[in-house]
Amino acid sequence: MINNLSGNRKFILAKIIVVTSGKGGVGKTTSAAAIATGLALRGNKTVVIDFDVGLRNLDLIMGCERRVVYDLVNVIQGEAGLNQALIRDKRTENLHILPASQTRDKDALTLEGVEKVLNDLAEDFDYIICDSPAGIERGAQLAMYFADEAVVVTNPEVSSVRDSDRILGLLSSKSRRAEQNRDPVKEHLLITRYNANRVDDGDMLNLEDIREILAIELIGLIPESEAVLRASNQGVPVVHDDKSDAGQAYLDTVARLMGEEVPLRFHAAQKRSLISRMFGGGGRR
């Protein structure tokens, strides 16, 4: 359990957004990388922090794994300065990465240490994106505790949606905003790996069912796409592939996150040609 801190706090000006999920393997880190990159591409000074201590993956998605010298735990424990640990993204101006440790235990993260890191980052950045571990253990709770907004990532399947509902319960009761009786964390729903054809076949939950179960604002719908795997393998956030459906969907998501009204795309099944149906082709980029 995370206890509230006492004493005076510096007022954090940057917007802190946690990207979280109840279930692993839903595309949460891919989404955190894409959202952070998309915000930076729009001119916002952005930093994305990997809170998944022991299972560091964000640096792989961002393509900076060979440049990691110090990490979040080093900073919290006073073994390195924040500027030593921050990695400037090579492709995107205004974007930095703060990696997690692969060798430490999650107990190395402390509430006081995380708050100090966020306060220091808030002096230089507009957006702080917290890439949370899946589930409800300490690292996940620390990632969401200071959040102003939350992007809850889910797949269109029953177990993923059910676990996301549990995360919503934590956001409403275990955040600093909840403890201080402030406005609640603003919750957004991001559905990933959505395959409209499989939804029509009854193999996946449809959009309306997911929205009805979770009852939070839908901020993005990311179609199942080969572009996501290709981008991950290349260490390039998929949002850079703006010709792909997934890249475009993440750009739409970022626009909505910034308050813009953008029509929802990629939710309707695409009719396949006779040749495609016969020979099984026609996958999207």
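Residues numbered from 1 in each chain as written. Predicted model: local features only at pLDDT ≥ 70, side-chain atom pairs only at ≥ 80, totals over all residues. Heavy atoms only, no water.

## Quick look at the side chain of Glu-149
In this fold, Glu-149 is placed in strand β6 (residues 149–154). Other than its neighbours up to four places away in sequence, Glu-149 contacts Lys-15, Ile-16, Ile-17, Val-18, Val-185, Lys-186, His-188 and Leu-257. (Helix = DSSP H or I, 4+ residues; strand = E, 2+ residues; numbered from the N terminus. Contact = heavy atoms within 4.5 Å.)

## With respect to the environment of Lys-15
Inspection of the secondary structure puts Lys-15 in strand β1 (residues 15–20). In the structure, Lys-15 is positioned 107 residues away from Ala-122 in sequence and 8.2 Å away in space, judged by C-alpha atoms. Lys-15 has contacts with Asp-126, Tyr-127, Ile-128, Asp-148 and Glu-149, leaving out every residue within four places of it along the chain. Side chain to side chain, Lys-15 and Glu-149 meet in a polar contact 3.0 Å long. (Polar contact = N/O pair within 3.5 Å; in protein donor to acceptor, adjacent residues only side chain to side chain.)

## Points about helix α10 (residues 207–214)
If you check which residues of α10 are buried, you get Leu-207, Ile-210 and Leu-214. Projected onto a plane normal to the axis of α10, the buried residues spread over an arc of 70° and lie on a single side. Away from its buried face, by an angle of more than 90 degrees, α10 presents the exposed residues Glu-208 and Glu-212. On its buried face, α10 is in contact with β6, α7 (158–173), β7 (186–194) and β8 (217–223). In this structure Asn-206 caps α10, since a side-chain oxygen of it lies 3.1 Å from the backbone nitrogen of Glu-208. Positive backbone phi, at 55°, marks Ala-215, one or two positions downstream of α10. (Buried < 20%, exposed > 50% of the residue type's maximum accessible area, 1.4 Å probe, protein only. Arc of directions from axis to C-beta.)

## Some words on the confidence of the model for the protein
Confidence in the prediction for the protein averages 89 pLDDT; 90% of positions are at 70 or higher. Low pLDDT, under 50, characterises residues 273–278; the predicted model gives this stretch 4 contacts beyond four residues in sequence or across chains. (pLDDT = per-residue confidence, 0-100.)

## Examining the pairing of strand β5 (residues 127–131)
Most of β5 sits out of view: 5 of its 5 residues are buried. Of the two faces of β5, the one carrying Tyr-127, Ile-129 and Asp-131 and the one carrying Ile-128 and Cys-130 are both buried. Alignment of β1 against β5, held across 5 bridges, turns out to be parallel. Residue Ile-17 lies in a different strand from β5, and its bridge partner there is Ile-129. (Pairing = 2+ DSSP bridges.)

## Some words on the sheet that holds strand β4 (residues 95–98)
Across the sheet, which stays open at both edges, the 8 strands sit in the order β3-β4-β2-β5-β1-β6-β7-β8 with mixed pairing between neighbours. Bordering the open sheet on either side are β3 (87–88) and β8, each of which pairs with just one other strand. The pairing of β6 with β7 spans 6 bridges and is classified as parallel. In the sheet register, Val-151 faces β7, and the bridge partner there is His-188. Each of β1, β2 (46–50), β4, β5, β6 and β7 is contacted by helix α1 (residues 28–41), which is oriented at about 170° to β5, the strand it contacts most. (Axes fitted to C-alpha atoms, helices over the stretch in contact; angles between N-to-C directions.)

## What about unusual backbone geometry?
Note on backbone geometry: most residues besides glycine have negative phi, and most peptide bonds are trans. Even without a glycine there, the phi angle at Arg-193 is positive, about 55°. When you line up the elements, Arg-193 lands in strand β7. Overall, the relative accessible area of 39% leaves Arg-193 in the partly exposed class. Unusually for a residue other than glycine, Phe-266 sits at a positive phi of about 70°.

## Notes on the pattern of salt bridges
Taken as a whole and judged by the stated rule, the model has 12 salt bridges. For Glu-260, the salt bridge identified is with Arg-42, shortest N-O distance 2.0 Å. One end of the pair, Glu-260, is in the loop between α12 (245–257) and α13 (274–279); the other, Arg-42, is in the loop between α1 and β2, and 218 residues separate them in sequence. A residue is classified by how much of its surface remains accessible, and Arg-42, at 39% relative accessible area, is partly exposed. Here Lys-243 ties to Asp-242 by a salt bridge, and the two come within 3.8 Å at their closest N and O atoms. On the accessibility criterion, Lys-243 (63% relative accessible area) is exposed. Residue Asp-242 is classed as partly exposed on the basis of its relative accessible area of 41%. (Salt bridge = Lys/Arg side-chain N within 4 Å of Asp/Glu carboxyl O.)

## So, α12
Along its 13 residues, α12 runs 18 Å from first to last C-alpha, staying within 8% of the 18 Å computed at 1.5 Å per residue. In terms of burial, α12 is a largely internal element, 11 of the 13 residues being buried. For α12, the complete set of buried residues consists of Asp-245, Ala-246, Gly-247, Ala-249, Tyr-250, Asp-252, Thr-253, Val-254, Ala-255, Arg-256 and Leu-257. As for α12, its buried residues are in contact with β1, α1, β6, β7, β8 and α11 (226–234). Phi turns positive, to about 95°, at Gly-259, one or two residues after α12. (Expected span 1.5 Å × (residues − 1).)

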